[in-house]
Amino acid sequence: MTDRRQFLQHLGIGVLILGATSPLTQCQSEKSPEASIPLDPLALPRSTPEQQGISSEAILQFLADIKTSGIEFHSFMLVRKGHVVAEGWWDPYGPHLKHTLYSLSKSFTSTGIGMLVAEGKLSVEDQVLSFFPEYAPAEVSENLGAMKIKHLLTMTTGHGQDTMGALRSAEDNIWVKAFLARTVDFEPGTHFLYNTGATYMLSAILQKQSGQTLFDYLSERLFVPLGIDGADWETCPMGINTGGYGLRVRTEDIAKLGQLYLQKGEWKGKQLLPATWVEEATKKQTNSQEGDNDWSQGYGYQFWRCKPAPGFYRGDGAFGQYCIVIPQKETVLAITSESFDMQASMQIAWDNLLPALSDEKIAENTSSYQLLSEKLKQLKLDPPMLAASSPKAAEVSGKSFKLATNDWEIQTVSFQFTDQDCTFTLQDAKGSQQIMCGLSAWIIDRNERSEERSLFAVPGRTTVPSQIAASATWKDENTLQMTWRFIENAHHDQIDCTFDGDKVVISFKNSVAIGRKQEDERMNLTGQA
């Protein structure tokens, strides 16, 4: 059974101002379209788009196409010639919030391996098995014995399927042992297969060789110099960072990684990463997936090649987390989102931004720049707005509903309505928890939470702490729909509460299930007043 103390881990720690957003570029005066200078000395410098050779009109069209696409963007940051020229967050997301990266984490892991190689503590030619002889299977196959670090980096380990599932289900919780126990179907280096377990092994090897977790290793050598603060990274049961996923950083931190690679590993006069590693990591090391898209252009060391032109590359993660680097145009584009068509997400950038990148400064356009600044301030994801009130609210407000036996051991739930909000409360033998939902508006939780995971978490999707923006609306006279948006994650929950006399039925729908038109596997809660 799940402990109630694990409930609502998504509510996180911190104080946010409802509705606050921070535009990328702010106009100082109508006569001078100079971008504001960030107060953070470690922040990237700001500039107007035109000063760096891209028109405000092109960025406005980029935003317009995002809106018409129906794809849910959470943030973007466009960096040209080392200057941020446009940035935006769709409220309730904000610049101070970290965001889950999914497989974009892999590019950070690769960076750590490159640093360890530069220290002379590792070689891409080292055999994987040599680091963990204690976990070697009784019979070591020829293919397993031939597997090297470079095969982990290039996703050419020889496995026939992603090993991550086997790692997560390992009965003894030793993921390294589970990886080495998997059958290696092909000769390493001859077969590309996207394999998140391979990236986990890079993290495990780095920890074995450096004596530090991947997160601690990068914190000292990458995060501090780049000014990346407040990040976190999931770990396996043995305390090894997951490597292939689980890192959370801010949008500007993603852009900084891209800028570091664009500058061939140099940052403020110091070579953090060898230029030779940057070249090796971002060039085509192996063929990748079949087809004619941005995943069929080849794969490097945990970086994908991009379709529009040779030399373009990116780190990317599920649901549209991107660090796109365009060296020929001195451009970096960072994106966070919940996209169910990742190719379409990138295509919006290719169609609007790429053609607009000029090698020269272009004339200032004060009116367009000011319009862009206003648009960036106004970006938002509206909460569901069906009906703000129902006669049922007065009938159920303050009532306690005793729940039938359930997996979460919740005993009662109640709803308290005002003209502006609904407070949802659940209780068990240990105490109570609350979420305040704005009626057709977002309310961002300001409470500190210590739970390790959410009671209603979707495995692999929403099992890490996150602040939450919550709203409620009435689908019909008897059904209250709450939306809990996990604003340090990529997803949200839709929770329907249907009242029938003295009874309530509470059902769940995660945004992934909605986007993929699937059923949510979580059980309904039923209660009696």
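Below you will find a few notes about this structure. Residue numbers run consecutively from 1 along every chain, following the written order of its sequence. Whole-chain, interface and lining totals are the exception, using all residues; otherwise, since this is a predicted model, local features are given only for residues with pLDDT of at least 70 and side-chain atom pairs are given and counted only at 80 or more. No hydrogens and no water enter the side-chain calculation; it runs on all heavy atoms of the structure.

Any two cysteine sulfur atoms within 2.5 Å of one another count as a disulfide. Evaluation of the coordinates by the stated rule reveals 0 disulfides. A disulfide-free cysteine, Cys-306 has its sulfur positioned 10 Å from the sulfur of Cys-323, the nearest such atom. With a relative accessible area of 4%, Cys-306 lands in the buried category. Unpaired in terms of disulfides, Cys-422 finds its nearest cysteine sulfur in Cys-437, a separation of 5.7 Å. Think of it in three bands: with a 1.4 Å probe and only protein chains considered, a residue is buried below 20% of the maximum accessible area for its type, exposed above 50%, and partly exposed in between.

What follows concerns the packing of aromatic side chains. Aromatic pairs are defined between Phe, Tyr and Trp rings, using the six-membered ring for Trp, whenever the two ring centres lie within 6.5 Å; interplanar angles under 30 degrees are classed as stacked, those over 60 as edge-to-face, and all others as tilted. This model, assessed by the stated rule, comprises 29 aromatic pairs. Between Phe-76 and Trp-90, the ring centres sit 6.2 Å apart and the planes meet at 55°, which makes this aromatic pair tilted. Taken together, the residues Phe-76 in strand β1 (residues 72-80) and Trp-90 in the loop between β2 (83-89) and β3 (99-100) connect sequence positions 14 residues apart. Accessibility expressed as a relative area gives 0% for Phe-76, which makes it buried. The class of Trp-90 is buried, set by a relative accessible area of 7%. For the ring pair Trp-408 and Phe-508, a centre distance of 5.6 Å and an interplane angle of 70° mean the geometry is edge-to-face. Under the DSSP-based scheme used, a helix requires at least four consecutive residues in state H or I and a strand at least two consecutive residues in state E, with every element numbered from the N terminus.

Our next topic: the pairing of strand β14 (residues 421-428). With 7 of its 8 residues buried, β14 lies for the most part within the structure. Paired strands are those between which DSSP finds at least two bridges. Pairing between strand β13 (residues 412-417) and β14: 6 bridges, direction antiparallel. Bridging from a neighbouring strand, Gln-416 pairs with Thr-423 of β14. As judged from the 8 bridges shared by β14 and strand β15 (residues 431-439), these two strands associate in the antiparallel manner. Paired with Leu-426 across the strands is Gln-433, a residue of β15. Counted along the chain from β14 to the antiparallel partner β15, the turn is 2 residues long.

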